[in-house]
Amino acid sequence: MRQSGILMHITSLPGPDGIGSLGKEAYEFADFLHEAGMGIWQVLPMGPTGYGESPYQSPSTFAGNPMVISLDKLAEAGYLDLTGEERYVPENPEQVDYAAAQEYKMRLLRKAFAQSERKLKKQIAQFREENDWVYDFALFTAIKNHFKQQMWTKWPDEGARMRDPETLQKYEKKLGREIRFHLWCQYIFAQQWFALKAYVNGLGIKLFGDIPIYVAEDSADTWTKPEVFQLDEDRVPRRIAGVPPDYFSEDGQLWGNPLYRWSYLKQKGYRWWVERLTHLSKMYDIIRVDHFIGFANYYSVAHGAPNAKKGRWIIGPDKDLFITLKKKLPDLDIVAEDLGVVNDRVRNLIAFTGYPGMKVLSFAFGADDSNVHLPDNIPENTAYYTGTHDNVTALARVKNATPVELECAKKIVGFKTVKQAPWAFIQTVFASKARIAMAPMQDVLGLDDWATMNRPGTTGGNWLWRMKPDAATPAIARKLKKLNKDCKRNL
């Protein structure tokens, strides 16, 4: 079936408390997608955010982000008394102020925890029993808070760093209430997430999630499973992930994530990856695997290197991992993010898996007719985007295009004025032969560069955009529904 959808992260939803949540506005957006004839709602990684508020540098590959818990839903369930509470109202409703929102929201979450923990004791105990990762995550977070957010490899207590059982018992007693709070947060997130998922699926819409191939160095994953990663005896990465110099960066990019010990993972039947994808396959109907090319070959840089110039390419697990995944998880629905240095090894791996790769219309404009992102050149088994969270909006792309690129775009996409470009981008992608057509909500709304979600290689000022209240109008939904019908999508 030809499908289409919208990329709209939960934090970008409108609503109270300074950041999008799993509350009323999420259900209203699902209704909008249904009215627009969409079959897919794509979000970014849903874990707690890490450095620079990036969802791609999460302290856990399994945990949910407490910041998107809906306070109103807590109040409706009788877990939080909001009577007389002065709700936080941001100065700019179209941008997240993470520091202010987090200070306010965590205070209210702790209040809700105090008011509901006893009531939810049995449910949380069962949740802990069914999710063997969650206690270690809660313990990790509690100890990290105790040490004032220091990276775990720099905790002053060696016993805590190295997970000495007696030392951990000491912190379990000392930080018992804090541990229970983080268990409570994960239980509440799961309750609200799966309630929304049931509603979205009930409308005939699939939830499309996103997972980074790597995990953050400062994470519960590296703390609890150091044997999975290339770490030294002090649990510091020996080598880290990145990409070599290219057109966009003369020094390459140092991502800093620890690399996997693929030989160890193979020896263990790739159990860690099976567990990770089992968990995420419950959260999402479709999973986009970020930097999929890293399974075929990955770029390895020495830890402490000043830049990524002197890394080396290493052959990854390749088909062997996916033979295991197809046996263990035969129903996985994956989209392979294969943007970047695509060689024959990558192409062969994607062909072997049968997963759709990705193409981006914003990358198509130049004088080269062989450009793989051109509508005429993409394969049918593709997820085709106007742009992703890592690109400027379609409007900004056209406004900042060179004269050659602009003429090329006008010819291929078919617009006359810059203002017409975002909708023309969407029409071109949806009319293409791609099996999956996707557009960020910013392009649907025709927004400029200020609404760009992320600028790779920069720190600060990213992941901020929020949709203006009432921006997703019935008129836009009708326009999208007609386009879907005309393009025979989601029928």
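Scope of this entry: the structure provided in the associated data block. (Residues numbered from 1 in each chain as written. Predicted model: local features only at pLDDT ≥ 70, side-chain atom pairs only at ≥ 80, totals over all residues. Heavy atoms only, no water.)

**Things to note about the sheet that holds strand β1 (residues 3-7)**
The 8 strands lie next to each other as β9-β6-β3-β2-β1-β12-β11-β10, forming an open sheet whose pairing is parallel. With partners counted over all chains shown, the strands left at the sheet margins are β9 (334-336) and β10 (357-360), one partner each. Sheet twist, expressed as the average angle between the axes of neighbouring strands with direction ignored, equals 25°. Bridge count between strand β3 (residues 206-211) and strand β6 (residues 286-289): 4 bridges; the pairing is parallel. Looking at β6, one finds that I211 is bridged to V289. Running over the sheet, helix α16 (residues 421-431) touches β1, β11 (382-385) and β12 (436-440) and is turned about 165° from β12. (Pairing = 2+ DSSP bridges. Helix = DSSP H or I, 4+ residues; strand = E, 2+ residues; numbered from the N terminus. Axes fitted to C-alpha atoms, helices over the stretch in contact; angles between N-to-C directions. Contact = heavy atoms within 4.5 Å.)

**A short note on unusual backbone geometry**
A positive phi angle, close to 55°, is found at Y270, a residue other than glycine. Looking at the secondary structure, you find Y270 in the loop between α10 (262-267) and α11 (271-283). If you check the backbone angles, H291 has positive phi at about 55° while not being a glycine. Relative to the assigned elements, H291 resides in the loop between β6 and β7 (297-302). Among the residues examined, H291 registers a relative accessible area of 7% and is labelled buried. (Buried < 20%, exposed > 50% of the residue type's maximum accessible area, 1.4 Å probe, protein only.)

**Some points on the environment of W41**
Inspection of the secondary structure puts W41 in strand β2 (residues 40-42). The exposure class assigned to W41 is buried, which follows from its relative accessible area of 0%. Residues W41 and A63, spaced 22 residues apart in sequence, show a C-alpha to C-alpha distance of 20 Å.

**Let's talk about the sheet that holds strand β4 (residues 239-243)**
Strand pairing in a sheet relies on backbone hydrogen bonds. The paired strands run either parallel or antiparallel. Strand order in this open sheet of 4 strands is β5-β4-β7-β8, and the pairing throughout is antiparallel. Of all the strands in the sheet, the pair left with one neighbour each is β5 (253-258) and β8 (312-315). Along the sheet, successive strands turn relative to each other by an average axial angle of 50°, direction set aside. In terms of strand pairing, β4 meets β5 through 3 bridges, oriented antiparallel. If you follow V243 over to β5, its bridge partner there is Q253.

**Observations regarding the packing of aromatic side chains**
Applying the stated criterion across every chain, the model contains 37 aromatic pairs. Seen from their ring centres, F62 and W133 are 6.0 Å apart, and the 20° between their planes marks the pair as stacked. Here F62 is found in the loop between β2 and α2 (71-76), whereas its partner W133 is found in the loop between α4 (121-130) and α5 (134-146), with 71 residues between them in sequence. Taken as a pair, F62 and W133 share a single burial class, namely buried. Between F189 and W193 the ring centres are 6.1 Å apart and the planes differ by 15°, which places this aromatic pair in the stacked class. Of this pair, F189 and W193 both sit in helix α8 (residues 176-202), 4 residues apart, roughly one helical turn. (Phe/Tyr/Trp six-rings, centres within 6.5 Å; stacked < 30°, edge-to-face > 60°.)

**Section: the pattern of salt bridges**
One pass over the structure, following the stated rule, counts 25 salt bridges. We note a salt bridge from K309 to D251, for which the minimum N-O separation is 3.5 Å. Taken as a pair, K309 in the loop between β7 and β8 and D251 in the loop between β4 and β5 lie far apart in primary sequence, 58 residues in all. Here D251 falls in the partly exposed class, since its relative accessible area comes to 31%. A single network of salt bridges, built from pairs that share partners, joins D17, D72 and R87. (Salt bridge = Lys/Arg side-chain N within 4 Å of Asp/Glu carboxyl O.)

**Considerations on the side chain of R288**
Along the chain, the position of R288 falls in strand β6. In this structure the side chain of R288 is engaged in a polar contact, spanning 3.1 Å, whose partner is the side chain of D290. When neighbours within four sequence positions are excluded, R288 is seen to be in contact with Q42, Y56, F208, G209, D210, I211, V335, E337, M358 and H389. (Polar contact = N/O pair within 3.5 Å; in protein donor to acceptor, adjacent residues only side chain to side chain.)

**A word on the side chain of N490**
With respect to the helices and strands, the residue N490 is situated in the segment after α18 (474-486). A polar contact of 2.7 Å, which involves the side chain of N490, links it to the side chain of S4. A polar atom in the side chain of N490 sits 2.8 Å from the backbone oxygen of G37. If near-sequence neighbours (up to four positions away) are discounted, N490 is found in contact with M1, R2, Q3, S4, G37, M38, G39 and N484.

**Section: α11**
End to end, α11 covers 19 Å across 13 residues, agreeing with the expected 18 Å (1.5 Å per residue, within 8%). Looking at α11, one finds that the buried residues are W272, W273, V274, R276, L277, H279, L280 and M283. Among the structural elements, α8, β3, α9 (220-224), α10, β6 and α12 (319-328) are those in contact with the buried residues of α11. (Expected span 1.5 Å × (residues − 1).)

By themselves, these figures tell us nothing about what the structure is for.
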